[in-house]
Amino acid sequence: SKYQIATSFAQYVQLEPKDITIELSWQNSNYDLDIHFEKPLIKINEEQEEEKSKETLNYIFPYSEDDTAYISFDDQKEIVNIFKLIDGTYRFSVKLFSEQESMDESQPVVKIYNQDRVVKIYKFEDFKAQQKEDTLITEWNVFSITNQGDLTDFSPSI
């Protein structure tokens, strides 16, 4: 899967699975980026085993059905506020929304706050530095988090 990114540098972090704020900001106003906070759907196959569906559930857009999370938009900033995480594992990524071909010039930064304390900061340039080829990146997979608050990095954090 394209989300299997080397996690040798991943620092395991346990968050309190409530009162989480994830803030995406970027430098260049010519760009438009979008937060994606997704939970892959699970289906039962013929052998009665659980497997991930190719579909995902975009939880926050713009308000989750059960009021556990909401997203707010600002100029060059998008913020997800999560009151509690529902069962499952979520994937957090940033996608390029504008006509541009690569995210590079936008210089995005993602910050995670848990109960008003900064827990993690991710810079896109650090993620890009670990990519082998000089590829044009339009999607940045940042981390995954479970409803228990277990956070795993896809990207190096500072």
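Above this note sits the structure.
About the thresholds
Per chain, residues are indexed from 1 in the order of the written sequence. Local features in a predicted model are, by the rule used here, given only for residues with pLDDT of at least 70; side-chain atom pairs are given and counted only at 80 or more, and totals for whole chains, interfaces and linings are based on all residues. To get the side-chain values, all heavy atoms of the structure are used, and hydrogens and water are removed first. For two strands to count as paired, DSSP must find a minimum of two bridges between them. To qualify as a helix, a DSSP run of H or I must reach at least 4 residues; to qualify as a strand, a run of E must reach at least 2; elements of each kind are numbered from the N terminus. Helix axes are fitted to C-alpha atoms over the stretch in contact, other axes to C-alpha atoms as well, and angles between N-to-C directions run from 0 to 180 degrees. We define the nonpolar core as a collection of buried residues of types Ala, Val, Leu, Ile, Met, Phe, Trp, Tyr and Cys that are connected through side-chain atoms lying within 4.5 Å of one another. Any residue under 20% of the maximum accessible area for its type is buried, any over 50% is exposed, and the rest in between are partly exposed; the area is computed with a 1.4 Å probe on protein chains only. Any two residues whose heavy atoms approach within 4.5 Å at even a single point are treated as in contact. Any pair of Phe, Tyr and Trp rings, taking the six-membered ring for Trp, is counted once the centres come within 6.5 Å. Such a pair is stacked with planes under 30 degrees apart, edge-to-face with planes over 60 apart, and tilted for the rest.

(A) Up close: the sheet that holds strand β8 (residues 109–114). Pairing is antiparallel across the open sheet formed by 5 strands, whose spatial order is β5-β6-β2-β8-β9. Single-partner strands in this sheet number two, and they are β5 (69–74) and β9 (117–123). Adjacent strand axes in the sheet meet at a mean angle of 15° when their direction is disregarded. As defined by bridge partners, strand β2 (residues 18–25) adjoins β8 across 6 bridges and the pair is classed as antiparallel. Directly across from serine 25, in β8, lies its bridge partner valine 109.

(B) Structural context of the nonpolar core. Core analysis: the biggest nonpolar cluster contains 31 residues, and Ile22, Phe92, Val94, Val110, Trp140, Phe143 and Ile145 have the highest contact counts within it. Apart from the residues lying within four places of it in its own chain, the contact partners of valine 110 are Ile22, Glu23, Leu24, Phe92, Val94, Lys120, Ile121, Tyr122, Trp140, Val142 and Phe143.

(C) Molecular detail of the packing of aromatic side chains. The tally for this structure, following the rule as stated, stands at 8 aromatic pairs. Ring centres of tyrosine 122 and phenylalanine 143 lie 5.8 Å apart, and the angle between their planes is 20°; this geometry places the pair in the stacked category. Residue tyrosine 122 is found in strand β9, and its partner phenylalanine 143 is found in strand β10 (residues 139–146); the two are separated by 21 residues along the sequence. Relative accessible area serves as the criterion here: at 1%, phenylalanine 143 is assigned to the buried category. Pairwise contacts between aromatic rings join Phe37, Tyr90, Phe92, Tyr122 and Phe143 into one cluster.

(D) A look at the environment of valine 109. Along the polypeptide, valine 109 turns up in strand β8. Sequence separation between valine 109 and lysine 77 is 32 residues; the distance between their C-alpha atoms is 9.7 Å. Excluding its chain neighbours within four sequence positions, the residues that come into contact with valine 109 are Glu23, Leu24, Ser25, Ile121, Tyr122, Lys123 and Trp140.

(E) Geometry of the side chain of glutamate 38. Structurally, glutamate 38 can be placed in strand β3 (residues 33–44). Here glutamate 38 falls in the buried class, since its relative accessible area comes to 4%.

(F) Focus on the pairing of β2. Taken together, the 7 bridges between β2 and strand β6 (residues 77–84) define a ladder with antiparallel strand orientation. When the sheet's bridge partners are listed, isoleucine 20 is paired in β6 with isoleucine 82.

(G) Region of interest: the pairing of β10. Most of β10 sits inside the fold, with 8 of its 8 residues counted as buried. Judged from the 7 bridges that link them, strand β7 (residues 89–96) and β10 form a sheet pairing that is antiparallel. Among the inter-strand pairings, phenylalanine 92 is bridged to a residue of β10, identified as phenylalanine 143. Linking β10 to strand β11 (residues 150–153), which pair antiparallel, is a turn of 3 residues; within it glycine 149 sits at a positive phi near 95°.

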